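Topology and contacts: notes
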Protein chains: 2
Amino acid sequence: MPSDRSAVTLAVSTVVFALRPDPATGALTLWLPLVRRIREPYEGMWALPGGPLGEDEDLAASARRTLDVTTGLQPHYLEQLYCFGDVDRSPSQRVVSVVYWTLVRADEDASALERPGAENVEWFAADDVATHPGRLAFDHTTILAYALDRLRAKITYSPIAHAFLPAEFTLAELRAVYEGVLRRPLDPANFRRQILAQGTVEPTGGHREGTRHRPPALYRSNPARSRATLTIPADQEIPS
Amino acid sequence: MPSDRSAVTLAVSTVVFALRPDPATGALTLWLPLVRRIREPYEGMWALPGGPLGEDEDLAASARRTLDVTTGLQPHYLEQLYCFGDVDRSPSQRVVSVVYWTLVRADEDASALERPGAENVEWFAADDVATHPGRLAFDHTTILAYALDRLRAKITYSPIAHAFLPAEFTLAELRAVYEGVLRRPLDPANFRRQILAQGTVEPTGGHREGTRHRPPALYRSNPARSRATLTIPADQEIPS
DNA sequence: GCAAAAGTGTTGGCCTTACACCCATGG
DNA sequence: CCATGGGTGTAAGGCCAACACTTTTGC
């Protein structure tokens, strides 16, 4: 029988996604910040930002706090991903991790670099890290792969893509978010119709100026409509 | 800053669903077993089966163990639901609960009644309990409502309905599972076509005998095909 | 005028819904 | 031969993928 007060450590970690241009192809891809471990186990390796749960803070609050401390980020969208608790996932003591995932805008992540301790925070291409086991500490590669799956599934039936964008955006920018997350091109015409049909965005009336073509209309997200499905056509190569 | 070794207690609880005929209407509805609390806080109230996490057991193993100890059930399908950890969810000490949910067959739950300690286990109609706040200890009403949502969503895109049924079943029995979970009637003809089209079941070749009408074909679940969507038509009153 | 992206129109095909209809068995 | 559910057929309508086409701007 287990003891009433166990020696299990409870930690909260967060998978942070941002969309950035890939330095090689220039296409938008998913990146995430990782923190270099400064103690054993896995000292020197990269790991998800996080830390032990505070005794008087809720789980999501703990995720926000540790994220702010390590990376300076204050995300809008934050959702619990999964609780990982296998006995052998940490070599020393028993650690159960409640993992959250979050989306941040590309323009938010810059602040992380000017912080003290920023030398132990670095951004990585999410799919590159997720497909190379052993690069991350603990079971964090598994966790990252799981978070990527969840993001790619959820973006098709929930308007979370807005969290990658500022308050006002064009439909082309929104489409670029979907294309970057799903790694496939989408038909602009059909994308427009589906997004407008589900009512998750509304036109602001303004237009983006300064382009060298027809000025696109600006939209904002419509909080009233929050549930709608987007159908994604068959997989294709994304042209670079 | 939180201490490295916190005084937070980690518990694992499980929401168990079974389909049973409603005593009033006779229609299949969702039921779940609850355990009477025998100590403070909430002594005497009903709560989800569960208990503290063992130091050398995985989370799912803990769910299976506590479920077996309290109810004698050994479920086939077991999935993590969510981790609940608000500071004030338990009046005394801080408790973080990793909650699982599971489906059991109607013929499995009988064994629970012959066990020692069975007088502290009772089955309740899930929707009745979920819609009456204050009947359960802690935040277990919230947890149950969340589990119900998840079950009703997941049954439309995953073949979990099989977990309610024995190895061989007719399509009418499978349809009755969907109707019981979703609380609406489904067109038998269209249901048959959708289920067969997604390939999650395969005919055994046998037929159910002893009915007072045409003998229906028997099917078994096809483990190869595990992902398929079922479209549910508009909401309707279910006739009793 | 030309390039480029915004935005609209249209067609064919697939899937679902609703419901009619036939099949097989017990009584 | 009737009642009952099993099982098949089918037509109308909706939705989507594909792609042609028009619009509006900068240069």
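Residues numbered from 1 in each chain as written. Chains lettered and ligands numbered in written order. Predicted model: local features only at pLDDT ≥ 70, side-chain atom pairs only at ≥ 80, totals over all residues. Heavy atoms only, no water.

**Some points on the overall build of chain A**
On a plain count of helices and strands, chain A comes out with 5 helices and 10 strands. Out of the 240 residues belonging to chain A, those deemed buried represent 49%. When contacts within chain A are restricted to residue pairs at least 6 apart in sequence, long-range pairs at least 24 apart make up 62% of them. For chain A, the exposed area adds up to about 11700 Å²; of that, 52% sits on carbon and sulfur atoms. (Helix = DSSP H or I, 4+ residues; strand = E, 2+ residues; numbered from the N terminus. Buried < 20%, exposed > 50% of the residue type's maximum accessible area, 1.4 Å probe, protein only. Contact = heavy atoms within 4.5 Å. Areas by Shrake-Rupley, 256 points an atom, 1.4 Å probe, with all protein chains shown as cover.)

**Regarding the domain arrangement of chain A**
Residues and elements named next belong to chain A. By the assigned domains, chain A splits into domain 1 (4-154) and domain 2 (163-225). Summed over both partners, the interface of domain 1 with domain 2 buries about 980 Å², with 69% contributed by carbon and sulfur atoms. Its largest share of buried area at the contact with domain 2, domain 1 owes to Leu-19, Arg-105 and Arg-152, together 49% of the area lost on that side. Across the domain 1-domain 2 interface, the total number found is 2 residue pairs in polar contact (both at pLDDT 80 or more). Within the residue set of the side of domain 1 that touches domain 2, elements represented by two or more residues are strand E1 (9-21), strand E2 (28-36) and helix H3 (140-154). Among the elements that make up the side of domain 1 that touches domain 2, the one with the highest residue count is E1 (3 residues). (Domains from an automatic or database assignment. Buried area = accessible area lost by both parts, 1.4 Å probe. Polar contact = N/O pair within 3.5 Å; in protein donor to acceptor, adjacent residues only side chain to side chain.)

**Focus: the protein's contact with DNA strand C**
Looking at DNA strand C, there are 22 residues lining it, with Arg192(A), Arg193(A), Asn190(B), Thr211(B) and Pro215(B) nearest. A distance of 2.9 Å separates a base nitrogen of DNA strand C from a polar atom in the side chain of Asn190(B). In this structure, a base nitrogen belonging to DNA strand C sits 3.0 Å away from a side-chain N or O atom of Arg193(B). Within the residue set of the surface near DNA strand C, elements represented by two or more residues are helix H4 (171-182) and helix H5 (188-198) of chain A together with helix H5 (188-198) of chain B. Per-element tally for the surface near DNA strand C: the top contributor is H5(B), with 4 residues. Here the residues of the surface near DNA strand C sort into 8 nonpolar, 6 polar and 8 charged. (Near = heavy atom within 4 Å. Nonpolar A, V, L, I, M, F, W, Y, C, P; charged D, E, K, R; others polar.)

**Quick word on the packing of aromatic side chains**
Residues and elements named next belong to chain A. Taken as a whole and assessed by the stated rule, the structure comprises 14 aromatic pairs over all chains. Every member of this aromatic cluster is reached through a ring pair, and the members are Tyr-82, Phe-84 and Tyr-146. For Arg-20, the ring lying beneath its charged end belongs to Trp-123, and the centroid distance is 4.4 Å. (Phe/Tyr/Trp six-rings, centres within 6.5 Å; stacked < 30°, edge-to-face > 60°. Lys NZ or Arg CZ within 6 Å of the ring centre and 35° of its normal.)

**Considerations on the interface of chain A and chain B**
How big an interface is tends to be expressed through the accessible area that disappears when the partners come together. Between chain A and chain B, the residue contacts involve 30 residues of the former and 30 residues of the latter. Both sides of the chain A and chain B interface together cover about 2700 Å² of buried area, and 52% of this is carbon and sulfur. Considering each element in turn, the side of chain A that touches chain B owes the most residues, 4 residues, to strand E5 (residues 77-84) of chain A. Class assignment of the residues belonging to the side of chain A that touches chain B gives a composition of 14 nonpolar, 7 polar and 9 charged.

**Let's talk about the pattern of salt bridges**
Residue and element names in this part refer to chain A. What the rule picks out here adds up to 20 salt bridges over all chains. Its salt-bridge partner being Glu-173, residue Arg-208 comes within 2.6 Å of it at the nearest N-O pair. Of this pair, Arg-208 sits in the loop between strand E9 (201-207) and strand E10 (217-221) while Glu-173 sits in helix H4, and the two are 35 residues apart along the sequence. You can call Glu-173 partly exposed: its relative accessible area is 28%. One network of salt bridges, in which partners are shared, links Glu-79, Arg-150 and Lys-154. (Salt bridge = Lys/Arg side-chain N within 4 Å of Asp/Glu carboxyl O.)

**Observations concerning the environment of Gln74(A)**
Residues and elements named next belong to chain A. Here Gln-74 lies in the loop between helix H1 (59-71) and E5. Taking the C-alpha atoms as reference, Gln-74 lies 28 Å from His-132; in sequence the two are 58 residues apart. Excluding its chain neighbours within four sequence positions, the residues that come into contact with Gln-74 are Asp-68 and Glu-108. Side-chain polar atoms of Gln-74 contact the side chain of Asp-68, separated by 3.1 Å.

**Considering unusual backbone geometry**
Residue and element names in this part refer to chain A. Note that the residue after Glu-40, namely Pro-41, is joined by a cis bond; omega there is -5 degrees. Position of Pro-41 among the secondary structure elements: in the loop between E2 and strand E3 (46-47). One non-glycine residue, Arg-183, lies in the positive phi region at around 60 degrees. Tracing the sequence through the fold places Arg-183 in the loop between H4 and H5.

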